[in-house]
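# Structural characterization, general
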Amino acid sequence: MKEISRKKRFVALWFAFCFCLSLFSPAGLGKAVAKAQQEKAAGIQGVADLPGKNIGVQIGTTGDTYASDYEGDDAGSKVTRFNKGADAVQALKQNKVDCVIIDDLPAQAFVEKNPELSILDEEFVIEDYAICISKKNTDLRDKINEALSTLQKDGTLADIMANYIGDDTKGTLPYKEKEGLTRENGTLTMATNVAFPPYEYYENGEAVGIDIDVARAIADILNMELVVSDMEFDSIIVAVQSGKADVGIAGMTVTEDRLKNIDFTDSYTTSKQVIMVKSGESVSNTSFSEKFKQVFLEDARWKYIPKGLWNTVIITLCAGLVGILIGFLFAIVRVYYERNEERPGWIRVLNSLVKLYLTVFRGTPVMVQLLIVYYVIFASVNVNPILAAVMAFGLNSAAYVAEAVRAGIMSIEIGQFEAGRSLGLTYGQTMTSIILPQAVKNSLPTMLNEFIALLKESSIVGYIGLMDLTKAGDIIRSNTYEAMLPLCTVALVYLLIVVILTSFVSKLERSLKKDAR
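Residues numbered from 1 in each chain as written. Predicted model: local features only at pLDDT ≥ 70, side-chain atom pairs only at ≥ 80, totals over all residues. Heavy atoms only, no water.

### Focus: the overall build of the protein
Under the convention used in this document: Only DSSP runs of H or I reaching four residues or more are called helices, and only runs of E reaching two or more are called strands; each is numbered from the N terminus. Type-normalised accessible area, obtained with a 1.4 Å probe on protein chains alone, sets the label of each residue: buried when under 20%, exposed when over 50%, and partly exposed for intermediate values. Throughout, the Shrake-Rupley method with a 1.4 Å probe supplies accessible areas, and for residues the shown protein chains are the sole cover considered.
Secondary structure assignment for the protein yields 19 helices and 13 strands. Taking all 517 residues of the protein together, the buried fraction comes to 48%. Roughly 25,400 Å² of accessible area belongs to the protein as shown, and the carbon and sulfur atoms make up 57% of that amount.

### Digging into the sheet that holds strand β11 (residues 247-248)
Convention followed: Here a strand pair is declared whenever DSSP counts at least two bridges between the two strands.
Taking strand neighbours across the sheet as the criterion, the 5 strands line up as β10-β7-β11-β6-β12 in an open arrangement whose pairing is mixed. Looking at which strands have only one partner, the edges of the open sheet turn out to be β10 (225-230) and β12 (263-264). Pairing analysis gives 6 bridges linking strand β7 (residues 187-192) to β10, with the strands arranged parallel. Following the sheet pairing, T189 is matched in β10 by V227.

### Digging into the packing of helix α14 (residues 366-377) against helix α15 (residues 385-410)
Filter applied, for reference: Inter-axis angles, ranging from 0 to 180 degrees, are taken between N-to-C directions of lines fitted to C-alpha atoms, where helices are fitted over the stretch in contact. Roughly parallel covers angles under 35 degrees, roughly antiparallel covers those over 145, roughly perpendicular covers 65 to 115, and oblique covers all other angles. Note on convention: near helix rotated counterclockwise from far helix by under a right angle means a left-handed crossing. Clockwise means right-handed. Note on definitions: a residue-residue contact is assigned when non-hydrogen atoms from the two residues lie within 4.5 Å. In this count, Pro and Cys sit with the nonpolar residues alongside Ala, Val, Leu, Ile, Met, Phe, Trp and Tyr, while Asp, Glu, Lys and Arg are called charged and the others, Gly among them, polar.
Two elements in contact, α14 and α15, have axes separated by 9 Å at closest approach and are oriented at 135°. Between α14 and α15, the angle falls in the class oblique. Where α14 crosses over α15, the two elements pack in a sense that is right-handed. For the pair α14 and α15, the contacting residues are V366, Q369, L370, V373 and Y374 in the first and P385, A388, A389, A392, F393 and N396 in the second. Looking at side-chain class alone, the contact of α14 with α15 contains 9 nonpolar, 2 polar and no charged residues.

### Structural notes on helix α5 (residues 104-113)
Looking only at α5, the buried set comprises D104, L105, P106, A107, A109 and F110. Those residues of α5 that are buried are in contact with α4 (85-93), β3 (99-103), β4 (117-119), α7 (156-165), α8 (210-222) and β13 (269-278).

### Observations concerning empty space enclosed by the protein
We count it as follows: Here a cavity denotes grid points, spaced 1 Å and computed from the protein atoms alone, that fit a 1.4 Å probe unable to get out, and a pocket denotes an open set having protein on both sides within 12 Å along at least 5 of 7 lines; residues with an atom within 4 Å of a point are the lining. Grid points are joined across faces, edges and corners, and a volume is the space filled by probe spheres set on the points.
Applying the stated rule across the entire model yields 4 cavities of 30 Å³ or more. Counted as a void, the largest cavity has a volume near 80 Å³. Surrounding the largest cavity, Q58, T61, T62, D103, N193, F196, F233, A250, G251, M252, T253 and R258 form its lining. Looking at the lining of the largest cavity residue by residue, the class counts come to 4 nonpolar, 6 polar and 2 charged.

### Considering the confidence of the model for the protein
As a reminder of what qualifies: Every residue is assigned a pLDDT by the predictor, reflecting its confidence on a scale from 0 to 100.
Confidence along the protein averages 86 in pLDDT terms, with 90% of residues attaining 70 or more. A low-confidence stretch, residues 23-34 (pLDDT under 50), is modelled with 4 contacts involving residues beyond four sequence positions or located in other chains.

### Side note on the layout of surface pockets
Here the second largest pocket defines a volume of roughly 530 Å³. In terms of lining residues, the second largest pocket is bounded by 22 residues, among which A109, K170, P197, P198 and Y201 are the most central. Every element with two or more residues in the lining of the second largest pocket is listed here: α5, α7, β8 (201-203) and α18 (469-480). Of the residues belonging to the lining of the second largest pocket, the class tally is 10 nonpolar, 5 polar and 7 charged.

### Focus: the nonpolar core
Under the convention used in this document: Nine residue types can take part in a nonpolar core, namely buried Ala, Val, Leu, Ile, Met, Phe, Trp, Tyr and Cys, and a core is a set of them joined through side-chain atoms within 4.5 Å.
Counting 48 residues, the largest nonpolar core has I144, I218, V247, Y268 and M276 as the members making the most contacts within it. At the level of elements, α4, β3, α5, α6 (138-153), α7, β7, α8 and β13 are the ones that each hand at least two residues to this core. In terms of residues, this core owes the most to one element, α8, which gives 8 residues. Contacts of V247, omitting those with residues within four sequence positions, involve I131, C132, I133, L140, I144, L188, T189, M190, A191 and V240.

### Let's talk about the pairing of β3
Of all the 5 residues making up β3, 5 are buried; the element is thus mostly covered by neighbouring parts of the structure. The pairing of strand β1 (residues 54-58) with β3 spans 2 bridges and is classified as parallel. For I55, the partnering residue across the bridge sits in β3 and is C99. With 4 bridges joining them, β3 and β13 adopt antiparallel strand pairing. Residue pairing for β13: D103 is matched across the bridge by Q273.

### Some words on the environment of D213
For D213, the location among the structural elements is in helix α8. Accessibility expressed as a relative area gives 3% for D213, which makes it buried. Measuring from C-alpha to C-alpha, the distance between D213 and P174 comes to 8.6 Å, with 39 residues separating the pair along the chain. In contact with D213, not counting residues within four places along its chain, are I160, Y164 and Y175.

### Some thoughts on the pairing of β13
Counting buried positions along β13 yields 7 of 10 residues, so the element is predominantly enclosed. Sheet topology places β4 next to β13; 3 bridges connect them, and they run antiparallel. Looking at the pairing, L117 lines up with K278 of β13. Looking at chain direction, strand β5 (residues 125-129) and β13 are connected through 5 bridges and run antiparallel.

### Thoughts on the packing of α6 against α8
Where α6 meets α8, the axes come as close as 9 Å, and the angle between the chain directions of the two elements is 110°. Regarding the angle of α6 to α8, the classification is roughly perpendicular. For the pair α6 and α8, the contacting residues are L140, K143, I144, A147, L148, T150 and L151 in the first and V214, A217, I218, I221 and L222 in the second. Looking at the contact of α6 with α8, its residues break down into 10 nonpolar, 1 polar and 1 charged.

### Here's the deal with the packing of aromatic side chains
Stated formally: Two rings from Phe, Tyr or Trp (for Trp, the six-membered ring) form a pair when their centres are within 6.5 Å of each other. A pair whose planes differ by under 30 degrees is stacked, one over 60 is edge-to-face, and the rest are tilted. Here, a charge over a ring means that NZ of Lys or CZ of Arg falls within 6 Å of the ring centre while also lying within 35 degrees of the ring normal.
A full pass over the atoms with the stated rule returns 9 aromatic pairs. Taking the centre distance of 5.9 Å and the plane angle of 25° together, the rings of F196 and Y199 count as stacked. Accessibility expressed as a relative area gives 5% for F196, which makes it buried. Between F330 and Y357, the ring centres sit 4.9 Å apart and the planes meet at 75°, which makes this aromatic pair edge-to-face. Residue F330 is found in helix α12 (residues 304-338), and its partner Y357 is found in helix α13 (residues 345-363); the two are separated by 27 residues along the sequence. By relative accessible area, Y357 is classed as buried at 15%. In textbook terms, an aromatic cluster arises when at least three aromatic residues are bridged by ring pairs, as seen for Y129, F196 and Y199. Lying across the ring of Y374, K244 places its NZ or CZ 5.2 Å from the centre.

Take a look at the structure:
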């Protein structure tokens, strides 16, 4: 009963917390600052007004490239980069940036759901979209070019576009996959960033949009099975280069810099970069219940949370097990080296390698390690992203577990080890029967705390196309343009798990202290 009441209190606190946050706005907090930022942004009427402004862009896009020309100029221009276009739009709504440079159609989709935003009449630049593909995969490039030519001639491309952007045809021309195909030519893995409507976005738990339908149509012609891999935009080209994806389709423009590293197919559509600003129109505040319904209940978006949580738990549990196994082995090597005066050459080499391992994995960010494992170590292997995440986090955790176990072993008096050897036990028998049981008892709380840290560190797996708990919140936030509820919900879930684990660690520590008495 106590446990149930605790959960009820947490839920009640969460609702109260979210409700209180919903009451605040720039009008109540930092009103003078918000007004000054709005006046500054109001001066943007065209491209000529960009110098001296804070420009928001999505990192890795051509908008980022074009905006970089203003960065560091005499006018004091600043470029603020975001992982998603929706994040840049959210920042514009909150007056954190003066404008956003973004593709035209996504800008229209954002403005449609955010009436306080507007698009300037003057276009920034016109560009062509194409499908990126590895320079080594010329055969697939030629096949896709033929497929695009066919789709262009039979009007399929035009119908796909009209289904998403036509005034009178929107939603009336959905692409239907061809029936009876054997899909005998394998899979076509598409790397994309599903946060760029109408080119790619989530609807009812599935990735949809112009680019998704174009990829489906190409897969039909090639008699292949389409697999969509959702990842950060700036990871798409790396994924295609390393073979983790066959193609990258995400409203991607052909540029000279990109052509140095990646190849492109023929263009399948034309777009333009535009400038989005805040129009200053007032928007009526919606109630908390309406926001909750919009964020979680519409399109059953709440389902992303348990799906992401499941991947988070799986990765954390498996990586924790890998870390414990490897960490114990490394700790024994280190202890054997430190407690033996006679050190044969093989143990010196092993100890040096272990120390190097600990230095590298404790001295570099875990996100860098994750990207290296997925895009470098497994560059030529089509490994499951979950397996890559488990390996990366497991190897990282092993470095910390090794030191925790080593400290636990070293805390055992050397006399106990000597007593075991004097009784005729071998080194291995002494360690497994006398030393390790006590060492585990001493280091177990530390290892469990490392497990808690591992749980939170797993929130970066979205960079390799995995949906975890944090990614689930990002998807909801990108679809609804509402930041507070998704972020608070994700934070609450993490908090509940950590509180439960922390409570377990505390009880374990008290139990171990009682046993010690």
